[in-house]
Amino acid sequence: MAGPLPHHQPIRALLVSPEAGQKLRAEAARMAAWDLTPRQSADLGLLIGGGFLPLRGFLTQADYDSVLAGMRLASGALWSMPLALEVDADFAARVEPGEDIAMRSPGGAVMAILSVTDKWSPDGVEGADLPGAAGPVCLGGPVKGLQVEGLQVEGLEGAGLEGAGDAHPGPNAWRARFRAQGCERVLACDPADAAAAARLASELGAELLTVGAEPRHAGPREALWQALVRRNHGATHLLLPADPAAQALLRQYRDEIGLELVEAGDGQARSR
């Protein structure tokens with residue numbers, strides 16, 4: 001019997017066990033705590049849930065510089081957006097590498113612990129003017145995620161996502177849905193292209209996936225990044241965006257992205 005399809009299999013999340021989480025919450029009361037912006041909170045939820053695989057935390061300075069210079073981590077893995085924790089100068093002055101900090105959601109819940117390995121200013125770094133790349137001070141290091149209300153990291157029982165309540169389904173919840181429903185193809189697209197993609201998904205016999213990371217408005221580099229995020233959520237196909245530069249970049253890295261690229265033409269889906 002054939003094994004599960006790759007996009008049905010769970011991916012690595014950064015969530016600690018309930019027992020470890022209880023201990024970390026107690027320790028967090030003695031840590032410096034950063035109150036996340038709404039976008040930082042959304043990013044952290046994806047990071048904890050595996051949406052930013054292969055990341056294990058916020059980028060170190062070496063990874064950050066490597067991503068800006070060549071859209072790869074220092075390890076060589078493809079990753080196109082700089083993702084460090086941006087904090088203000090006053091908070092940064094209270095934190096040094098080697099220390100742990102708590103990261104709190106806009107609602108005040110501790111979402112995760114960041115073990116700070118790097119602290120730097122991106123001022124003067126080439127490419128640091130990318131949307132979302134620049135902050136007064138950047139922190140990087142591994143992250144340990146805690147289960148909090150409203151964050152659905154693990155897979156859900158059953159075929160649908162109805163049991164999630166108010167939770168935001170993470171990559172493994174989507175993968176569990178695709179596995180339970182036996183979806184062989186999952187077509188991902190930008191939410192703005194959902195209407196056209198729905199027709200193409202029907203032609204392909206595919207489920208439609210429009211989730212992704214918070215927009216950065218960073219051009220082709222972001223299109224590549226969103227493709228990686230959607231692959232992590234279980235996509236098998238990707239509708240190419242209208243921007244020719246973004247299309248060219250996606251085609252250049254299609255083997256590493258691991259998605260079948262689809263363009264709409266003449267009322268028929270065509271793979272590219």
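Further up the page is the structure itself.
Treat the numbers as computed from the prediction; the structure is a model and nothing was measured.

1. Re the overall build of the chain
(1) Moving on: Within the chain one finds nine helices and 14 strands.
(2) Moving on: Counting the 272 residues in the chain, one finds 50% classified as buried.
(3) Moving on: In the chain, 62% of the contacts between residues at least 6 apart in sequence involve partners at least 24 apart.
(4) Moving on: Surface summary for the chain: the accessible area is close to 12,400 Å², and the carbon and sulfur share equals 50%.

2. Things to note about helix α3 (residues 61-70)
(1) Moving on: Within α3 the residues assigned to the buried category are Asp63, Tyr64, Val67 and Leu68. Axial view of α3: buried residues confined to an arc of 130 degrees, hence all on one face.
(2) Moving on: On the buried face of α3, the contacting elements are β6 (118-120), β7 (137-145) and α7 (220-232).
(3) Moving on: Two residues or fewer past α3, methionine 71 is found with a positive phi of approximately 60 degrees.

3. Quick word on the packing of aromatic side chains
(1) Moving on: Taken as a whole and assessed by the stated rule, the structure comprises six aromatic pairs.
(2) Moving on: Seen from their ring centres, tryptophan 34 and phenylalanine 91 are 5.2 Å apart, and the 55 degrees between their planes marks the pair as tilted. With tryptophan 34 in strand β1 (residues 32-35) and phenylalanine 91 in helix α4 (residues 89-92), this residue pair connects regions lying 57 residues apart in the sequence. In this pair, the class of tryptophan 34 matches that of phenylalanine 91, namely buried.
(3) Moving on: Ring geometry for phenylalanine 52 against tryptophan 225: centres 5.7 Å apart, planes inclined by 35 degrees, an arrangement best described as tilted.

4. Some remarks on the pairing of β7
The two faces of the sheet receive side chains in turn, since in a regular strand these alternate between them.
(1) Moving on: Counting buried residues along β7, seven of its nine residues qualify, which places the element largely inside the surrounding structure.
(2) Moving on: Of the strand pairs in this sheet, strand β2 (residues 57-58) and β7 are connected by two bridges, and their pairing is antiparallel. Note that in β7 the partner of glycine 57 across the bridge is proline 142.
(3) Moving on: Bridge count for strand β3 (residues 85-87) against β7 is three bridges, and the pairing is antiparallel. By the bridge assignment for β7, glutamate 86 is matched with cysteine 138.
(4) Moving on: Pairing analysis gives three bridges linking strand β5 (residues 110-115) to β7, with the strands arranged antiparallel. When the sheet's bridge partners are listed, isoleucine 113 is paired in β7 with lysine 144.
(5) Moving on: Here three bridges tie β6 to β7, and the two strands are oriented antiparallel to one another. Within β7, the residue paired with aspartate 118 across the bridge is glycine 140.

Reading the values: rules and limits
Residues numbered from 1 in each chain as written. Predicted model: local features only at pLDDT ≥ 70, side-chain atom pairs only at ≥ 80, totals over all residues. Heavy atoms only, no water. Helix = DSSP H or I, 4+ residues; strand = E, 2+ residues; numbered from the N terminus. Buried < 20%, exposed > 50% of the residue type's maximum accessible area, 1.4 Å probe, protein only. Contact = heavy atoms within 4.5 Å. Areas by Shrake-Rupley, 256 points an atom, 1.4 Å probe, with all protein chains shown as cover. Arc of directions from axis to C-beta. Phe/Tyr/Trp six-rings, centres within 6.5 Å; stacked < 30°, edge-to-face > 60°. Pairing = 2+ DSSP bridges.

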